Amino acid sequence: MNPIFSLLTALLLAPLFALHAAEPVTIDLAKRTWQGIPGLERTAKGRVFVSWFTGGTHEPQPENTVVLSQSDDGGKTFSAPQAMGLPLNDGTRCYDPCLWIDPKGRLWYLFNRSVKDSTRHGVYARICDAPDATPPVWGAEFRVGFDSPFSFRMNKPIVLSSGEWVLPVVHALEPLAGWAGFDPKQVFGAAISTDEGKTWKLHGAVKTEKAGLENMIVELKDGRLWMLIRTEKVLWESHSSDKGRTWTKGRPTTIATPHSRFFIRRLASGHLLLVNHYKFTGRSHLTAQLSTDDGATWNDGLLLDERSGVSYPDGVQDKDGLIWITYDRDRGGAGDILLAKFKEEDVIAGKNVSGAVSLKQVVNKLNKPASAPKPAVKVTQELLNSIHVTPKLIFDPMPAYGQKYLPFAMAASMESTKKGRLWTCWAGGQDGPNAYLLASYSDDQGKSWRDPVFVIDPQAHGLKMGTRLGSFWCDPKGRLWLFFHQSVGMFDGSCSNWYVRCDDPDAEKPVWTRPVYIGFGASLNKPIVRKNGEWILPVSLWERWHIDKPFADCYHELDAVRGSNVFVSDDEGGHWRYRGGIIYQDSCFNEHTVAELNDGRLWMLSRGMKETFQSFSADGGKTWLPQSTAFPHVNSKAVIRRLQSGHLLVIRHGQDMTKATPKRQELTAFLTTDEGKTWSGKLLLDERDNVSYPDIAQAPNGDIYVHYDRERTGAAEILFARFREEDVQAGSLVSKNVALKNLVKRKLGMNHGSGGN
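Residues numbered from 1 in each chain as written. Predicted model: local features only at pLDDT ≥ 70, side-chain atom pairs only at ≥ 80, totals over all residues. Heavy atoms only, no water.

1. Looking at the overall build of the protein chain
Looking only at helices and strands, one finds 4 helices and 51 strands in the protein chain. Taken along the three principal axes of its C-alpha coordinates, the protein chain extends 85 × 55 × 50 Å. Counting over 757 residues, the protein chain shows a buried share of 59%. Considering only contacts in the protein chain between residues 6 or more positions apart, those separated by 24 or more positions represent 54%. Surface accessibility of the protein chain: about 28500 Å² in total, with carbon and sulfur atoms responsible for 52%. Averaging the locations of the 91 positively and 85 negatively charged side chains of the protein chain gives two centres separated by 0 Å. (Helix = DSSP H or I, 4+ residues; strand = E, 2+ residues; numbered from the N terminus. Buried < 20%, exposed > 50% of the residue type's maximum accessible area, 1.4 Å probe, protein only. Contact = heavy atoms within 4.5 Å. Areas by Shrake-Rupley, 256 points an atom, 1.4 Å probe, with all protein chains shown as cover. Lys, Arg positive; Asp, Glu negative; His and termini not counted. Charge placed at Lys NZ, Arg CZ, Asp CG, Glu CD.)

2. Some words on the state of the cysteines
One covalent bond between the sulfur atoms of two cysteine residues makes up a disulfide. Considering all chains together, one arrives at 0 disulfides under this definition. The thiol of Cys98 is not disulfide-bonded; the next cysteine sulfur, from Cys94, is found 15 Å away. Here Cys98 falls in the buried class, since its relative accessible area comes to 2%. With no disulfide of its own, Cys495 has Cys554 as its nearest cysteine by sulfur position, at a separation of 13 Å. In this structure Cys495 comes out as buried when scored by relative accessible area, which is 5%. (Disulfide = S-S within 2.5 Å.)

3. What to know about the pattern of salt bridges
Throughout the structure, instances matching the rule amount to 43 salt bridges. Arg712 is paired through a salt bridge with Asp431; the nearest N and O atoms lie 3.8 Å apart. Remark: Asp431 occurs in the loop between strand E28 (422-428) and strand E29 (436-442) and Arg712 occurs in the loop between strand E48 (704-710) and strand E49 (717-723); sequence separation between them is 281 residues. When its relative accessible area of 6% is taken as the criterion, Asp431 is described as buried. Measuring nitrogen to oxygen at the nearest pair gives 3.0 Å for the salt bridge that ties Asp709 to Arg712. The class for Asp709 is buried, based on a relative accessible area of 0%. Among the charged side chains, a salt-bridge network with shared partners connects Lys233, Asp431, Arg468, Asp709 and Arg712. (Salt bridge = Lys/Arg side-chain N within 4 Å of Asp/Glu carboxyl O.)

4. Thoughts on the packing of aromatic side chains
Considering all chains together, one arrives at 36 aromatic pairs under this definition. Note on Trp423 and Phe472: the rings are 5.8 Å apart at their centroids and 55° apart in plane angle, and the pair reads as tilted. Residue Trp423 is located in strand E28, and its partner Phe472 is located in strand E31 (residues 470-474); the two are separated by 49 residues in the primary sequence. Take Trp423: its relative accessible area is 1%, and that puts it in the buried class. Take Phe472: its relative accessible area is 0%, and that puts it in the buried class. (Phe/Tyr/Trp six-rings, centres within 6.5 Å; stacked < 30°, edge-to-face > 60°.)

5. Quick notes on the sheet that holds strand E17 (residues 251-256)
Strand order in the open sheet made by the 4 strands is E14-E15-E16-E17, with antiparallel pairing throughout. Two strands lie at the open edges of the sheet, namely strand E14 (215-219) and E17, each paired on one side alone. If you compare each strand with its neighbour and ignore which way they point, the axes differ by 30° on average. With 5 bridges joining them, strand E15 (residues 225-229) and strand E16 (residues 234-240) adopt antiparallel strand pairing. Looking at E16, one finds that Trp226 is bridged to His239. (Pairing = 2+ DSSP bridges. Axes fitted to C-alpha atoms, helices over the stretch in contact; angles between N-to-C directions.)

6. Structural notes on the sheet that holds strand E41 (residues 611-617)
In space, the 4 strands of this open sheet follow the order E39-E40-E41-E42, with antiparallel pairing throughout. Two strands lie at the open edges of the sheet, namely strand E39 (593-596) and strand E42 (628-632), each paired on one side alone. Along the sheet, successive strands turn relative to each other by an average axial angle of 25°, direction set aside. In terms of strand pairing, E39 meets strand E40 (residues 602-607) through 4 bridges, oriented antiparallel. Across the sheet, the residue bridging to Thr593 is Leu605, located in E40.

7. Quick word on the pairing of E39
The alternating pattern of E39 places Thr593 and Ala595 on one face and Val594 and Glu596 on the opposite face, and all of these are buried. Where E39 folds back on E40, the antiparallel hairpin that results is connected by 5 residues, among which Gly600 adopts a positive phi of roughly 95°.

8. Some details on unusual backbone geometry
Residue Pro60 follows Glu59 across a cis peptide bond; omega there is 5°. When you line up the elements, Pro60 lands in the loop between strand E2 (48-54) and strand E3 (65-71). Its identity is not glycine, yet Tyr693 carries a phi of approximately 60°, on the positive side. Mapping Tyr693 onto the fold places it in strand E47 (residues 691-698).

9. As for the pairing of strand E6 (residues 107-115)
With 9 of 9 residues buried, E6 lies mostly within the body of the structure. What you see with E6 is no split at all: Leu107, Tyr109, Phe111, Arg113 and Val115 on one side and Trp108, Leu110, Asn112 and Ser114 on the other are buried throughout. Linking strand E5 (residues 92-101) back to E6 in an antiparallel pair, the connection comprises 5 residues, with Gly105 at a positive phi of about 85°. In terms of strand pairing, E6 meets strand E7 (residues 121-128) through 8 bridges, oriented antiparallel. In the sheet register, Arg113 faces E7, and the bridge partner there is Gly122.

10. Side note on the environment of Ile337
Structurally, Ile337 can be placed in strand E24 (residues 336-342). Measuring from C-alpha to C-alpha, the distance between Ile337 and Gly39 comes to 9.8 Å, with 298 residues separating the pair along the chain. Look past the residues within four positions of Ile337 in its chain and what remains in contact with it is Gln35, Gly36, Pro38, Val50, Trp52, Thr326, Tyr327, Asp328, Gln361, Val362, Val363 and Asn364.

11. Regarding the side chain of Ser114
Within the fold, Ser114 resides in strand E6. Judged by relative accessible area, Ser114 falls into the buried class, the value being 0%. Among the polar contacts made by the side chain of Ser114, one reaches the side chain of Tyr95 at a distance of 2.8 Å. (Polar contact = N/O pair within 3.5 Å; in protein donor to acceptor, adjacent residues only side chain to side chain.)

12. Observations concerning the environment of Glu666
Residue position: Glu666 is located in the loop between strand E44 (648-653) and strand E45 (667-672). With near-sequence residues (within four places) excluded, Glu666 lies in contact with Arg652, His653, Gly654, Gln655, Thr661, Leu684, Asp686, Glu687, Arg688 and Val691. Within the structure, the side chain of Glu666 is placed 3.5 Å from the backbone nitrogen of Gln655, a separation counted as a polar contact.

As structure tokens, then:
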């Protein structure tokens with residue numbers, strides 16, 4: 001396992017002579033084993049240039065080299081790649097090249113240089129004054145200087161209506177250590193040149209909620225500049241009303257992304273072109289979309305490539321209106337550098353109406369020797385248990401976490417003990433690699449809550465890991481279990497799944513066992529007890545497209561179990577073992593729950609991109625039927641649980657089982673008395689936006705608790721609804737002592753007795 005977890009070198013800018021004191025290292029481009037991150041330009045006379053980088057076995061590596069290829073026949077064929085910037089023998093690598101033709105017709109080849117084990121990092125360029133010449137002659141490499149301790153660029157400059165040049169730049173206000181491409185200290189700005197690229201001045205320090213990477217800038221029709229920034233789930237935005245000198249506070253857009261680079265450009269018509277992943281599963285479905293209202297709305301556009309592993313578009317529009325887009329696919333496999341051509345009318349129509357559409361053309365690909373197929377890896381319990389670091393619980397978290405945990409809250413779980421004590425847990429810090437799990441309890445049915453009574457925070461013990469997922473469950477003996485996970489980064493490809501147990505959760509001073517390792521994955525939802533006495537625990541192991549880059553080629557031995565799995569215990573939790581699972585297509589984080597039907601089958605609900613999936617198992621979870629749709633649903637968690645009455649309760653978004661809500665709103669309880677065939681009652685729990693991640697608990701007296709969050713980074717609320725089955729049947733609160741929108745925690749702190757929200 002690679003011990004280096006960051007992705008890009010974070011380096012101070014250095015004078016050119018300092019970076020170039022070392023000697024260049026020649027790379028044999030005929031033996032390339034990976035390549036990607038392309039750029040494209042087309043000259044006035046029709047010559048097409050495509051750049052990308054390669055070298056070493058992946059990125060980032062000291063052998064990374066930037067290259068260039070060209071075509072003189074309209075993109076039908078391309079020359080063999082030539083190196084444009086070589087790595088140095090002091091560990092300096094070259095990466096992320098970009099092509100741009102300036103208003104004078106000069107072709108710029110921009111790229112970054114970094115040294116892994118120092119603080120040097122810089123943006124470099126070479127210029128060709130006559131890119132249509134035979135052969136084109138390139139000037140010497142020079143540093144494009146910015147007054148920042150750390151900076152790199154990933155996308156084309158633009159020329160403003162004022163004549164100024166603006167280059168999107170990622171930078172930091174302090175040196176960063178290692179290849180930290182997703183470091184949360186990174187900010188986003190613009191380098192501005194008023195002298196045609198001779199000098200540049202860096203402006204802006206836009207922050208995002210989660211670490212981002214590439215940014216792009218366009219000038220809007222009202223004169224403002226619009227910056228879009230890649231982050232984890234949606235693109236973020238910022239605006240400038242003074243040509244890039246100052247920028248508004250960053251905020252999320254509604255443009256979804258699988259955390260990959262996008263491309264935006266103003267076309268000759270005045271409309272905006274966006275090339276991005278649309279209706280995707282991971283890095284798939286690269287699509288060209290059009291906006292006629294300066295980015296307020298986008299059409300469904302023209303699908304360029306539906307395959308997985310496509311990414312990093314870049315392009316231009318030529319004088320005849322033809323749009324040229326390059327992108328990569330399967331960087332370490334086929335290593336395709338690809339080309340798509342189309343016109344604006346094709347994007348409007350969503351199909352080839354111009355007759356000019358050409359898709360999936362190969363510019364360059366890796367010529368790897370054919371290899372024998374790898375034998376299938378047998379998934380053994382020994383293999384599944386191979387990697388874990390024992391966590392620790394912090395039983396005196398206050399006051400150390402007194403202010404730290406307040407700004408963010410993501411719901412995890414709630415459970416009632418046999419005596420009615422309510423336990424809750426939620427994630428603090430962020431929905432990311434630095435998250436930690438907090439726990440609290442209430443002895444008055446949730447009217448008041450203690451400050452967090454323990455925290456699970458691996459980073460507090462010096463581990464580069466996070467814990468953001470957990471589930472409380474009270475077993476038939478009254479013992480309280482907390483299942484939780486640990487992961488290096490957002491997702492290291494494996495995770496480790498754990499539990500702690502409290503045998504007397506109603507005690508004045510509850511005592512918890514030491515953490516016990518279960519296996520791979522994460523348990524986000526409660527176990528169930530089958531009629532035959534077996535305990536079934538849902539365990540998620542996410543798809544490869546979720547894996548952080550440092551681990552992108554790790555844990556292939558687990559690929560056979562990447563999906564919605566179940567573990568089983570036949571000794572009341574003493575030991576757990578993998579039993580089976582299903583890999584859903586178009587899944588998103590699984591987050592599955594399981595119920596046993598009256599006929600003995602297991603019914604699983606699992607989160608999907610546009611629906612909640614379902615599957616059934618007739619052999620206790622060993623094998624599962626092909627997936628089907630349980631109900632349309634927004635991309636968020638829905639849960640199912642059997643109540644004491646024997647009926648099944650489902651919590652989902654939306655008051656109509658046949659429709660999906662456009663966003664996370666209308667958290668609603670549905671009841672079925674015939675094992676899911678029909679739904680005989682419903683109760684709206686919270687109509688507001690940004691409510692999510694429900695969990696179900698039922699107290700011994702029959703009270704039902706639904707735990708959820710609202711506005712994780714805004715109000716940062718953890719809430720619960722308390723109601724009874726008859727309320728769901730009636731569609732309103734008809735029982736005594738029930739209430740909705742009850743507050744556990746908000747941005748100001750825990751609810752110490754204020755009651756409802």
